[in-house]
Amino acid sequence: MIKIISKKQYKELVDYKIKYQEITGQRWFIVTGGRSLQSRLMQLSKESLINLIMEMRKDIRSINKKLKKQFKCRVEKVEDDK
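### Here we look at the overall build of the protein chain
(1) Moving on: In terms of helices and strands, the protein chain carries 3 helices and 0 strands.
(2) Moving on: Put simply, the protein chain has 82 residues, and 4% of those count as buried.
(3) Moving on: Carbon and sulfur atoms make up 57% of the accessible area of the protein chain, which totals about 9000 Å².

In structure tokens form, the structure reads like this:
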């Protein structure tokens, strides 16, 4: 059975979901001054920038490992009957 909710309730649920993702670390963002992302990144110290890159690299590697385990595929040789 599907329950129909109002737009206001839906927006509240989406806000809760976003807050939960931020608390658990599933979602993150960089808060610094500047208009563009590039200018904000340039204002960070070298140490914090390197730490961000290393964390992203570690996350990407773990995601790749999970994807390789989940979506294993077999390549079979197909012979043409020509």
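Now that the structure has been shown, we can carry on.
### Concerning helix H1 (residues 7–24)
(1) Moving on: Here H1 spans 26 Å end to end across 18 residues, near enough to the 26 Å set by a 1.5 Å rise per residue.
(2) Moving on: Glycine 25, located one to two residues past H1, shows a positive phi value of around 85°.

### Considering the confidence of the model for the protein chain
(1) Moving on: Taken as a whole, the protein chain shows an average pLDDT of 77; of its residues, 77% reach a score of 70 or greater.
(2) Moving on: When pLDDT is averaged over each helix and strand of the protein chain, the minimum, 74, is found for helix H2 (residues 37–42) and the maximum, 84, for H1.

### Examining a nonpolar patch on the surface
(1) Moving on: Side chains of Ile5, Tyr10, Leu13, Val14 and Tyr16 sit close together on the surface and give an oily, nonpolar patch of about 500 Å² of accessible area.
(2) Moving on: In this fold, isoleucine 5 is placed in the segment before H1.
(3) Moving on: Its relative accessible area of 35% is what places isoleucine 5 among the partly exposed residues.

What counts as what
Going along each chain's sequence as written, the residues are numbered from 1 onward. The predicted nature of this model means local features are confined to residues of pLDDT at least 70 and side-chain atom pairs, given and counted, to a pLDDT of 80 or more, with totals for whole chains, interfaces and linings taken over all residues. Side-chain measures here rest on the full set of heavy atoms in the structure, leaving out hydrogens and waters. Elements are defined by DSSP. Helices are runs of H or I of four residues or more, strands are runs of E of two residues or more, and each kind is numbered from the N terminus. For every residue, the accessible area (1.4 Å probe, protein chains only) is compared with the maximum for its type, and the residue is labelled buried under 20%, exposed over 50%, or partly exposed between those bounds. The Shrake-Rupley method, run with a 1.4 Å probe, gives the accessible areas here. Residue values count only the displayed protein chains as cover. Expected span of a helix, by definition, is 1.5 Å for each gap between consecutive residues, and there is one gap fewer than residues. The pLDDT value tells you how sure the predictor is about a given residue, anywhere from 0 up to 100. Surface patches are defined over residues having more than 30% relative accessible area and no salt bridge, joining like charges when they lie within 9 Å and nonpolar side chains (Val, Leu, Ile, Met, Phe, Trp, Tyr) when within 5 Å. Any carboxyl oxygen of Asp or Glu that lies within 4 Å of a side-chain nitrogen of Lys or Arg is treated as forming a salt bridge with it.

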